[in-house]
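Inside the fold
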Amino acid sequence: MQRFVKKIVDLMREEMLFSWQGGPIIMLQIENEYGNMESSYGQQGKDYVKWAASMALGLGAGVPWVMCKQTDAPENIIDACNGYYCDGYKPNSYNKPTLWTENWDGWYTTWGGRLPHRPVEDLAFAVARFFQRGGSFMNYYMYFGGTNFGRTSGGPFYITSYDYDAPIDEYGLLSEPKWGHLKDLHAAIKLCEPALVAADSAQYIKLGQNQEAHVYRANVLSEGPNSNRYGSQSNCSAFLANIDEHKAASVTFLGQSYTLPPWSVSILPDCRNTVFNTAKVSSQTSIKTVEFSLPLSPNISVPQQSMIESKLSSTSKSWMTVKEPIGVWSENNFTVQGILEHLNVTKDYSDYLWHITKIYVSDDDISFWKTNEVRPTVTIDSMRDVLRVFINGQLTGSVIGHWVKVVQPVEFQSGYNDLILLSQTVGLQNYGAFLEKDGAGFRGQVKLTGFKNGDIDLSKILWTYQVGLKGEFQQIYGIEENEAEWTDLTRDGIPSTFTWYKTYFDAPDGIDPVALDLGSMGKGQAWVNGHHIGRYWTVVAPKGGCQDTCDYRGAYNSDKCTTNCGNPTQTWYHVPRSWLQASNNLLVIFEETGGNPFEISVKLRSTRIVCEQVSESHYPPVRKWSNSYSVDGKLSINKMAPEMHLHCQDGYIISSIEFASYGTPQGRCQKFSRGNCHAPMSLSVVSEACQGKSSCSIGITNAVFGGDPCRGIVKTLAVEARCIPSSSTGFSQI
């Protein structure tokens, strides 16, 4: 470990990456959440923490070191908080700043699980509360989602996508409103910077039973017409919090009245004007689709468009195939007595380990089973992650789970039978104490029950072991020539288990991110031009447990706001464009359980629909506040009104306005409807401002929409817009 850490620190120093060298690195971390498992190691755990800290400090990096979730971090190491909320966290010394190294803006997704989502209102609330109560540094985990390419996903059972509901998704697209609302949040906090850095600590003020204010100001009070006992407006900032999970509250602060939505924080950069509230989202909602980018051209009929889409969106109709042998496939096998631990044999070179033996069945056994109406059964005390049981080359059954008991009935013929147990890993254990002891494969007794003369202890007989798949070791997924004997695939040859497939496809035009749709397949792995896309599995999430609407109020947990119930956990798989060439891209699939490769398609991921709702009660855009300070330090709010700001992703423009209503619109994105109050000019005003542009802004005022459509009522503007590629204007020439 010391050699590795020293190597990395030396590399960063050589590349002039540390802040004192003019580089971007201001801090380093040693270990990660070791405090969660330190007690498992007793005194050795405590000694290790001290050693790791001393070792890191001895490398002379010249920047601070942190330990996350390490309350006993030594004196010169900063202990930091990880979690959904860290506003109450205090480091173990007053000499250390309060750091939040992992703000979990989503959570992990497992195969067969629902998709977790953390509402941005709650996320913004957590961040604002952290800085309100004296936090110094906050880092999102994750800000940019990713992909577990190859076999790198952990868990076990974590899916290939590492999107994590991040503000920027694994394809590089903005996740709205999460990205936009957080951008506004940090712009508002930035406005408070003069007061935050000038004050040694905040002044706490109780505003109500569940309401409170923290005021930051310079230590030296100023005199003059713009001053109060908290200092001048230019160096006084306040955070007003309502931690009630259910009710809004009206509070009085410095002689002014403020309304605070439940579970929210209002930010006042000048201790008077509210610039931002965490529960009032004015950022747009983006609806992402996975499809081919076909503009709705008036010169192309619907049948023509369907024909073009069919031609473009699917892979080649020509597929080739080769069967994967069941059991022993090379001379690199060995035979020993007993059941060996999976990872000690595979060394994690493959997910797959074949266990092969022979079982003799007498005529008396057959008669015993018929007479007593029993079946022989493979019984294993504990197994992880996937077990396939084969009898005489035929798949008899499968068991899936993390250290679960196996009771799998089988059928034998009279005489010698081949019994093959294929154990598989679906990601390795990646957290906790004693990882090296977790292992894989089987634990406890492994036996065959139901025989006339009693159970057969399978741990005492000879087993032949074969690591991996023949296709893996031949690297038949690569672009180089290999020894595989491919044959043409016909539709009557599917579905087929333990089968390799390959085809070629052209890269889609444009720059949009590329996704491989494997919804027609079962379970396996995929490669493009020799690059391992990752594991795929169309296992379905439970039908229940998802919420139609997500209530942001109250403490978040990963089961609170889930979606995708009753659907496969993942069907789309990211293919980086850097792995593609213009044409003849090789796609290779290994399928375990049976699927239809003819239905695989290559598609584009993009944001086609954007929606937004902004009312008169929203605040003016934060970006305008930063330019609104006058020379004497006062915020100028004259002529400032709420605005709606719509934007398409890079390279796209707004082609049409699908819905627009200024008044009392109902519903949500893609389900908007007019209310009792509606300004007739709504659609024309928004269309004129936005159509044909990549972004647009509309003021939320009666004057913009030709007058007040309903006096005495707070009006809202709701808009749904469609985005298309800006290059689509040339599509009519096809």
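Residues numbered from 1 in each chain as written. Predicted model: local features only at pLDDT ≥ 70, side-chain atom pairs only at ≥ 80, totals over all residues. Heavy atoms only, no water.

In the nomenclature of an unreviewed UniProt entry, the protein is known as Beta-galactosidase of Citrus clementina.

Taken together, the 5 strands give an open sheet; going across it, the order is β9-β10-β13-β16-β17, and neighbouring strands pair in antiparallel fashion. Sheet topology places β9 (203-208) and β17 (276-277) at the edges, where each strand pairs with a single neighbour. (Pairing = 2+ DSSP bridges. Helix = DSSP H or I, 4+ residues; strand = E, 2+ residues; numbered from the N terminus.)

One finds Leu-185 and Ile-267 to be the most contacted residues of the largest nonpolar core, which totals 37 residues. Those elements that place two or more of their residues in this core are α3 (120-132), β6 (137-141), α4 (178-191), β13 (236-242), β16 (264-268) and α10 (622-625). Of the residues forming this core, the biggest block, 9 residues, is contributed by α3. Taken domain by domain, this core gets at least three of its residues from each of domain 1 (1-203) and domain 4 (607-725). Those residues in contact with Leu-185 that lie beyond four places of it in its chain are Ala-124, Val-127, Ala-128, Tyr-140, Ile-267 and Phe-276. Counting 30 residues, the second-largest nonpolar core is a separate cluster that includes Ile-494, Val-514, Leu-516 and Ile-533. (Core = buried A, V, L, I, M, F, W, Y, C linked by side-chain atoms within 4.5 Å. Buried < 20%, exposed > 50% of the residue type's maximum accessible area, 1.4 Å probe, protein only. Domains from an automatic or database assignment. Contact = heavy atoms within 4.5 Å.)

Let's shift gears to the side chain of Thr-607. Checked against the element boundaries, Thr-607 lands in strand β36 (residues 601-615). Exposure remark for Thr-607: the relative accessible area of 5% places this residue in the buried category. Once residues within four sequence positions are removed from consideration, Thr-607 is found in contact with Leu-173, Ser-286, Ile-287, Lys-288, Gln-649, Tyr-652 and Cys-723.

Moving on: the sheet that holds β6. The 5 strands lie next to each other as β1-β2-β3-β4-β6, forming an open sheet whose pairing is parallel. With partners counted over all chains shown, the strands left at the sheet margins are β1 (28-29) and β6, one partner each. The sheet contact formed by strand β4 (residues 99-104) and β6 spans 4 bridges and is parallel. Bridging across to β6, Leu-99 finds its partner in Phe-137.

Below, the discussion takes up the state of the cysteines. One pass over the structure, following the stated rule, counts 8 disulfides. One disulfide in the model links Cys-236 with Cys-271; its S-S distance is 2.0 Å. Given an S-S torsion of about -80 degrees, the disulfide between Cys-236 and Cys-271 has left-handed geometry. Taken together, the residues Cys-236 in strand β13 and Cys-271 in the loop between β16 and β17 connect sequence positions 35 residues apart. As far as burial versus exposure is concerned, Cys-236 and Cys-271 are alike and both buried. (Disulfide = S-S within 2.5 Å.)

Residue position: Glu-720 is located in strand β40 (residues 716-725). Buried and without a salt bridge, Glu-720 has Arg-722 as its closest oppositely charged side chain, separated by 5.5 Å. Apart from residues no more than four positions distant in its own chain, Glu-720 is found in contact with Ile-609, Val-610, Cys-611, Ile-657, Glu-658, Phe-659, Cys-669, Gln-670 and Phe-672. (Lys, Arg positive; Asp, Glu negative; His and termini not counted. Salt bridge = Lys/Arg side-chain N within 4 Å of Asp/Glu carboxyl O.)

Structurally, the protein comprises domain 1 (1-203), domain 2 (302-323 + 473-605), domain 3 (334-468) and domain 4 (607-725). Using only C-alpha atoms to locate each centre, domain 2 and domain 3 end up separated by 31 Å. Counting residues at the interface gives 9 residues for domain 2, matched by 14 residues for domain 3. Buried area between domain 2 and domain 3, both sides added, is near 930 Å², and the carbon and sulfur share of it is 62%. For the interface between domain 2 and domain 3, the tally reads 2 salt bridges. One salt bridge in this structure joins Arg-388 and Glu-592, with 3.0 Å as the shortest N-O distance. The tally of links from domain 2 across to domain 3 stands at 6 residue pairs in polar contact (both at pLDDT 80 or more). Residue assignment for the side of domain 2 that touches domain 3 shows that the elements contributing at least two residues are β31 (523-528) and β32 (531-537). The residue makeup of the side of domain 2 that touches domain 3, split by class, is 4 nonpolar, 2 polar and 3 charged. (Buried area = accessible area lost by both parts, 1.4 Å probe. Polar contact = N/O pair within 3.5 Å; in protein donor to acceptor, adjacent residues only side chain to side chain. Nonpolar A, V, L, I, M, F, W, Y, C, P; charged D, E, K, R; others polar.)

With that settled, consider the environment of Asp-244. Locating Asp-244 in the fold gives a position in the loop between β13 and β14 (249-253). On the accessibility criterion, Asp-244 (17% relative accessible area) is buried. Ignoring any residue separated from it by four or fewer positions in sequence, one finds Asp-244 in contact with Asn-210, Gln-211, Pro-262 and Trp-263. Among the polar contacts made by the side chain of Asp-244, one reaches the main-chain amide nitrogen of Lys-247 at a distance of 2.9 Å.

Once that is clear, we can look at the pattern of salt bridges. Pairing is possible between side chains of opposite charge, provided their charged atoms come close. A full pass over the atoms with the stated rule returns 29 salt bridges. Taking the shortest distance from any N to any O, the salt bridge between Asp-517 and Lys-603 comes out at 3.3 Å. In this pair, Asp-517 is assigned in strand β30 (residues 514-517) and Lys-603 in strand β36, connecting sequence segments 86 residues apart. What makes Asp-517 buried here is its relative accessible area of 14%.

Attention shifts here to the packing of aromatic side chains. Applying the stated criterion across every chain, the model contains 43 aromatic pairs. With a centroid separation of 6.0 Å and 40 degrees between ring planes, the pair formed by Tyr-162 and Tyr-164 is classed as tilted. Residue Tyr-162 is classed as partly exposed on the basis of its relative accessible area of 21%. The interplanar angle of 50 degrees and the centroid separation of 6.0 Å between the aromatic rings of Trp-354 and Phe-498 together place this pair among those described as tilted. Separated by 144 residues along the polypeptide, Trp-354 in strand β21 (residues 352-361) and Phe-498 in the loop between β28 (487-488) and β29 (499-505) bring together distant segments of the chain. Accessibility assignment for this pair places Trp-354 and Phe-498 in one class, buried. (Phe/Tyr/Trp six-rings, centres within 6.5 Å; stacked < 30°, edge-to-face > 60°.)

A word on helix α11 (residues 682-690). Of all the residues in α11, the buried ones are Ser-682, Val-685, Val-686, Ser-687 and Cys-690. Taken together, the buried residues of α11 touch β37 (643-647), β38 (652-663), β39 (695-699) and β40. One or two residues past the end of α11 sits Gly-692, with phi positive at roughly 85 degrees.

Right, let's get into the packing of α3 against α4. Axes are the key here: two packed helices are described by the angle between their axes and the distance separating the axes. Their axes nearest at 10 Å, the elements α3 and α4 cross at an angle of 20 degrees. By the angle between their axes, α3 is roughly parallel relative to α4. Every pair of crossing elements has a handedness; the one defined by α3 and α4 is right-handed. Contacts between α3 and α4 pair Val-120, Leu-123, Ala-124, Val-127, Ala-128 and Phe-131 from the former with Lys-178, His-181, Leu-182, Leu-185, His-186 and Ile-189 from the latter. (Axes fitted to C-alpha atoms, helices over the stretch in contact; angles between N-to-C directions. Parallel < 35°, antiparallel > 145°, perpendicular 65-115°, else oblique. Left-handed = near helix turned anticlockwise from the far one by under 90°.)

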